[in-house]
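Each chain, letter by letter, is given below.
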Amino acid sequence: MSGGGRLALCAWAATVAAACAMLPLVDRVDWIFVAALLLALVSGAGALGRHLPLARPLTVAVQLAVALVLLTAVFASEVAPAGLLPSPAVFERFGVLLTAGAEDVGRYAIPAPATEGIRLMLIGGVLVIGLAVDTLAVTFRSAAPAGLPLLALFSVAAGLSGGGGANWLWFLVAAAGYLMLLLAEGRDRLAQWGRVFGGPAARPGGSGAFRAPDGSVPAPLRSGRRIGALALGIALAVPAVLPSLGGGLLGTGGTGGGPGGGGMISAVNPLVSLKDSLNQREDREVLRYRTNAPDTSGLYLRLVALDQFDGTSWKTSVRGVQDVPRRLPGPAGLSDRIRTTEIRTNISASGSYEQKWLPMPFPATEVDVEGRWRYEPEGRTLVGDDRQTTSGAGYSVVSLAVQPTARQLAAATEAPGTLLRGYTRVPDSLPADVKATALKVTAGAANDYERAVRLQDWFAVKGGFQYDTEVSSGTGISAISRFLKDKKGFCVHYSFTMAAMARSLNIPARVAVGFMPGTPQGDGTMSVSIRDAHAWPELYFEGVGWTRFEPTPSRGSIPEYARPETPAGEAPGPVETAPRGSAAPSASASAEDSCAVQVAGADGCAGAAPQGAEPPSDAGAAVGPVLLAVAGAATLVLVPLLPMLWRQRVRARRLGSRGRTADDVAERTLAVWQEVVDTAWDHGIRPDESLTLRRSAARIVRLGRLEGAAADAVHRVAGAVEQVLYAPEPRATAGLADDATRIRDGLRAAQGRGGRVRALLAPRSAVRVAWALSARRTAAAQRWATRGGAVAARLSGVLPRRASRQRG
């Protein structure tokens, strides 16, 4: 087989191996065979085009056309001319199938049924990834970058599968396929040089070209295989031995940290899973509890609080965790003047309900639970460690029923500075109409409490909003604007919009996710079902602490302290039936260990937050089915967006750093200058390192057609760099990050639309990634060569001495 043919076969095999990671997502596996067959035909078309030979772009175009024809024959033959020719009716059919597939994955949990729409998403996604791999590795003879689309495919599959225990197996399969592709490319490149280290004559690329005279495999190939095996072993072993990684690439994760240690939890966005929970066809119990609380209408079972809003989603911050103390610290901001009642609640979780967050009344003060649980102080939550979940758990929680009065809330003073800054932060991209609407709704309010109540009342009663679970569950700024315009949504929209509006009014706010109190049962217990999943805003008032509000109409109950003055003839709010009076709570409460097929996910019943997820690093079984709808789109857009995402990350790191020492000041100033240089490069001004700082600045101003504040900002940053490099005592220059932003805005303004899009989506400075990887590869090769030489020298010195001793 020729080198090109071998490379094409390995590219096909690597793609199919990575696609195997998606097998757990659906209940049938026959789709993988169809995808493998179609991909083989697409690869064959590429091999034929390269053999003719066709120009590279034309070869890729032929493969695209073949892929489209094959998809037409499989999914739209009944509307296609001759059963396989694409036509407008075919594309309409694809649209119908994709729409139906999106609805299916929104309806079912993992493993979802392999409907036609879902199969089109899976098979089409594999063909797109396979074509990208074939183009990079075979057509353009660059196998290393082909790992990016393979990684995207595996990452999407691993994330959707909920981090199950079989992930390591799929990782091994995918990694073996990629290593095989790299080895094939290396062999093909080496074959172009002819025979290696002498030996019998053989044609380049033949088997004899890679054999030593004695028939053994030469040392370079043996070393390459060993290095590949070592790298694969490290990728498997390192995440298992580094607790701070939370289980790494393969594990289901957790908090990281062992017994008695600390650890970290990372970010999650569980809001989208609520829609899946609320739209289940068949409701099932997930929790049951008994409590001595006289009124359960406000006994929400809280899982997690989302405190970061970056414009695209609400999510939790990365925070440290610790062992669960015998008694939890007092709630933040709660003073002794506020009336509280201590209540005890005994909770049992269904065996099918697997959740990394422990549902508890808020604020809990004492928790008695078996297993590996860790405590996160800021959110006052318990999170499972090392695959610990709620499945079948029975636990007891002592919590406080906080009962502030309206007068006490109205008299609350301003929150502490750190808390105020952290919980009132909103992205610069937040639409102006959000704050304008908040100001209009709260006009005339005398304090933050009145503003909060007016916002709640506007959403729940006066604003004309409708509760609708069929609305898209986006959580970004576009979703907020759409929600304020359409006035339709469910608890997710109400909670995050009220929290964002409260923050715009400088009221600390966050979003809590969990369950409503549930339904009273005849034996005195409360039953919580999957459809009790809920989200609500929490606002902070100094002296009271984090306080629940309920803006969602027809869901939950408005707390007594948050009820506005009720006009005559109107009910004060949703009325809920209180549980029958019962004795002290008993640990005998049980939950049904059952779950509908549509509710059951890869890790159990779907819930209000991701099932079996690393809180908060995974969206779990409930979020998995929803995300399956975007798997194909993610693979299409992820790789092209990598340069843009890398630049955004680098820009944030450079402009967000803060320096205290002289070295820190110099490092930060140089980082800002590097950002200015790279920004100019992104807009077509290639760096010229032969110029001085001042001439470089003048060049950027001239070629970038900068004027006014932007031009002054370039010279100011250059002057700051000169100051930290050459001044006896470097001093920090204020406003450098703002100057970098002005420069970027000026360069964008001077560009046409095409230039702006190119600078955003395909930044030229992203080539630094390739340079860095090349430098690291060279350095690693040098280190291996140095170590190998040292070992060889030691062995050459030891062996003669042993031989001389034996002769003596």
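Residues numbered from 1 in each chain as written. Predicted model: local features only at pLDDT ≥ 70, side-chain atom pairs only at ≥ 80, totals over all residues. Heavy atoms only, no water.

### Brief notes about the overall build of the protein
Convention followed: Helical segments are the DSSP runs of H or I of at least four residues, strand segments are the runs of E of at least two, and each set is numbered from the N terminus. Contacts between residues were defined by any pair of non-hydrogen atoms, one from each residue, lying within 4.5 Å. Computed with a 1.4 Å probe, the accessible areas rest on the Shrake-Rupley method; for each residue, only the protein chains presented here act as cover.
Secondary structure summary: the protein contains 23 helices and 22 strands in total. For the protein, the proportion of contacts with a sequence separation of at least 24, taken over those separated by at least 6, is 71%. Accessible surface, the protein as shown: approximately 37,000 Å² in total, 57% of it carbon and sulfur.

### Describing the pattern of salt bridges
Put simply, the rule reads: In what follows, salt bridge is the name for a side-chain nitrogen of Lys or Arg lying within 4 Å of a carboxyl oxygen of Asp or Glu. Relative accessibility thresholds used throughout: buried, under 20% of the residue-type maximum; exposed, over 50%; partly exposed, between the two (1.4 Å probe, protein chains only).
Evaluation of the coordinates by the stated rule reveals 25 salt bridges. A salt bridge links Glu 78 to Arg 93; the nearest nitrogen and oxygen atoms lie 3.3 Å apart. Highlighted residues: Glu 78 in the loop between helix 3 (56–75) and helix 4 (88–107) and Arg 93 in helix 4, separated in sequence by 15 residues. Residue Glu 78 is classed as exposed on the basis of its relative accessible area, which comes to 52%.

### What to know about the confidence of the model for the protein
What counts is decided by this rule: For every residue, the pLDDT score states the predictor's confidence, bounded by 0 at the bottom and 100 at the top.
Of all residues in the protein, 74% attain a pLDDT of 70 or more, and the chain-wide mean is 78. Mean pLDDT per element in the protein: strand 21 (residues 600–601) is the minimum at 36, and strand 9 (residues 360–361) is the maximum at 96. Segment residues 238–272: pLDDT under 50, and 121 contacts once partners within four positions in sequence are set aside and those in other chains are kept.

### Details of the sheet that holds strand 16 (residues 509–515)
Worth spelling out the cut-off: The pairing criterion for strands is at least two bridges between them, as found by DSSP.
Pairing in this open sheet of five strands is antiparallel, and the strands run 9-3-16-19-20 from one edge to the other. Among the strands making up the open sheet, the edge pair consists of strand 9 and strand 20 (545–548). As paired elements, strand 19 (residues 533–541) and strand 20 share four bridges and run antiparallel to each other. Its bridge partner lying in strand 20, Tyr 540 is registered against Trp 546.

### Comments concerning helix 15 (residues 491–504)
In an α-helix, one full turn covers 3.6 residues, which means residues spaced three or four apart are oriented alike. The test is simple: Given the number of residues in a helix, its expected span is that number minus one, multiplied by 1.5 Å.
Look at helix 15: 20 Å from first C-alpha to last across 14 residues, which is about the 20 Å you get at 1.5 Å a residue. Within helix 15, 14 of the 14 residues are buried, which leaves it mostly tucked inside the rest of the structure. Phi turns positive one or two residues past the end of helix 15, at Asn 506, with a value near 70 degrees.

### Concerning the side chain of Glu 285
The cut-off we apply is this: We define a polar contact as two N or O atoms separated by no more than 3.5 Å, with the added condition that, inside protein, one atom must be a possible hydrogen donor and the other a possible acceptor, whereas residues neighbouring each other in sequence contribute only through side-chain atom pairs.
Along the chain, Glu 285 turns up in strand 2 (residues 285–291). With relative accessibility at 6%, the residue Glu 285 sits in the buried group. Separated by 2.9 Å, the side chains of Glu 285 and Arg 288 make a polar contact. In this structure the side chain of Glu 285 is engaged in a polar contact, spanning 2.4 Å, whose partner is the side chain of Ser 527.

### Overview of the packing of helix 2 (residues 30–51) against helix 5 (residues 116–139)
Going by this rule: Each axis is a line fitted through C-alpha atoms, and for a helix only the stretch in contact is used; angles between axes span 0 to 180 degrees, taken between their N-to-C directions. Put simply, angles under 35 degrees are roughly parallel, angles over 145 are roughly antiparallel, angles from 65 to 115 are roughly perpendicular, and the rest are oblique. Note: crossing handedness is left-handed where the near helix turns anticlockwise from the far helix by less than a right angle, and right-handed where it turns clockwise. Three residue categories are used. Nonpolar comprises Ala, Val, Leu, Ile, Met, Phe, Trp, Tyr, Cys and Pro, charged comprises Asp, Glu, Lys and Arg, and polar comprises the others, including Gly.
Contact geometry for helix 2 and helix 5: axes closest at 9 Å, N-to-C directions at 30 degrees. Of the possible angle classes, the one that applies to helix 2 and helix 5 is roughly parallel. The element helix 2 and its partner helix 5 pack so that their crossing is right-handed. Here helix 2 contributes Trp 31, Val 34, Ala 35, Leu 38, Leu 39, Val 42, Ser 43 and Arg 50 to the contact with helix 5, which in turn contributes Arg 119, Leu 122, Ile 123, Val 126, Leu 127, Gly 130, Leu 131, Asp 134, Val 138 and Thr 139. Its residues assigned to classes, the contact of helix 2 with helix 5 shows 12 nonpolar, three polar and three charged.

### Things to note about helix 1 (residues 3–19)
With 17 residues, helix 1 should reach 24 Å at 1.5 Å per residue; the first-to-last C-alpha distance of 24 Å fits that figure. Taken residue by residue, helix 1 has Gly 3, Arg 6, Leu 7, Ala 8, Cys 10, Ala 11, Ala 14, Thr 15, Val 16, Ala 17, Ala 18 and Ala 19 as its buried positions.

### Points about the sheet that holds strand 7 (residues 322–323)
Ordered by their spatial adjacency, three strands build an open sheet running 7-11-12, and the pairing between neighbours is antiparallel. Edge positions in the sheet fall to strand 7 and strand 12 (381–384), since each of these pairs with one other strand and no more. Here strand 7 runs beside strand 11 (residues 373–376); their pairing, made up of two bridges, is antiparallel. Bridge pairing in strand 11 links Asp 323 to Arg 374.

### Side note on the environment of Ile 343
Along the chain, Ile 343 turns up in strand 8 (residues 339–349). Since its relative accessible area comes to 6%, Ile 343 is described here as buried. Along the sequence, Ile 343 and Ala 293 sit 50 residues apart, while their C-alpha atoms lie 5.7 Å from each other. Non-local contacts of Ile 343, meaning those with residues more than four positions away in its chain, are made with Asn 292, Ala 293, Leu 299, Val 397, Val 398 and Ser 399.

### Focus: a nonpolar patch on the surface
Just so we agree on the cut-off: What goes into a patch is any residue over 30% in relative accessible area without a salt bridge, connected to like charges within 9 Å or, for nonpolar side chains (Val, Leu, Ile, Met, Phe, Trp, Tyr), within 5 Å.
A cluster of nonpolar side chains, contributed by Leu 670, Leu 725 and Tyr 726, occupies part of the molecular surface with about 320 Å² of accessible area. Note that Tyr 726 resides in helix 20 (residues 708–726). Tyr 726 sits in the exposed class, given a relative accessible area of 62%.

### Here we look at the packing of helix 2 against helix 3
One way to put it is that helix 2 packs onto helix 3 with a least axis distance of 9 Å and a crossing angle of 150 degrees. When the axis of helix 2 is compared with that of helix 3, the two are roughly antiparallel. When you trace helix 2 past helix 3, the crossing you get is right-handed. Here Leu 38, Leu 41, Val 42, Ser 43, Ala 45, Gly 46, Gly 49 and Arg 50 of helix 2 lie close against helix 3, whose contacting residues are Thr 59, Gln 63, Val 66, Ala 67, Leu 70 and Val 74. A breakdown of the residues in the contact of helix 2 with helix 3 according to their chemical character gives eight nonpolar, five polar and one charged.

### Re the packing of aromatic side chains
Put simply, the rule is: Planes of paired rings set the category: under 30 degrees apart is stacked, over 60 is edge-to-face and the rest tilted, where pairs are Phe, Tyr or Trp rings (Trp by its six-membered ring) whose centres lie within 6.5 Å. A ring is considered to have a charge above it if a Lys NZ or an Arg CZ atom is located within 6 Å of its centre and within 35 degrees of its normal.
Scanning all chains against the criterion turns up 16 aromatic pairs. Aromatic side chains Phe 465 and Phe 483 sit 5.1 Å apart centroid to centroid with 35 degrees between the ring planes, which places their arrangement in the tilted category. Of the two residues, Phe 465 sits in the loop between helix 13 (448–462) and strand 14 (466–467) while Phe 483 sits in helix 14 (residues 477–486), which places them 18 residues apart along the sequence. Across this residue pair, the class does not change: Phe 465 and Phe 483 are buried. Through a chain of ring-to-ring contacts, three or more aromatic side chains come together here, namely Trp 458, Phe 459, Phe 465, Phe 483 and Tyr 494. A cation sits over an aromatic face here: Arg 302 above Phe 362, 4.1 Å from the ring centre. Between the NZ or CZ atom of Arg 510 and the centre of the ring of Trp 546, over which it lies, the distance is 4.0 Å.

### Some thoughts on the environment of Arg 141
As for its placement among the helices and strands, Arg 141 is situated in the loop between helix 5 and helix 6 (147–160). A relative accessible area of 31% means that Arg 141 is categorised as partly exposed. Counting along the chain gives 47 residues from Arg 141 to Asp 188, while the straight-line C-alpha distance between them is 9.6 Å.

### Looking at unusual backbone geometry
Backbone torsion omega between Phe 362 and Pro 363 reads 0 degrees, so that peptide bond is classified as cis. With respect to the helices and strands, Pro 363 occurs in the loop between strand 9 and strand 10 (364–368). For Lys 487, which is not glycine, the phi dihedral falls at a positive 60 degrees. The topology assignment puts Lys 487 in the loop between helix 14 and strand 15 (488–489). Lys 487 sits in the partly exposed class, given a relative accessible area of 26%. One non-glycine residue with positive phi stands out, namely Asn 506, at about 70 degrees. As for its placement among the helices and strands, Asn 506 is situated in the loop between helix 15 and strand 16.

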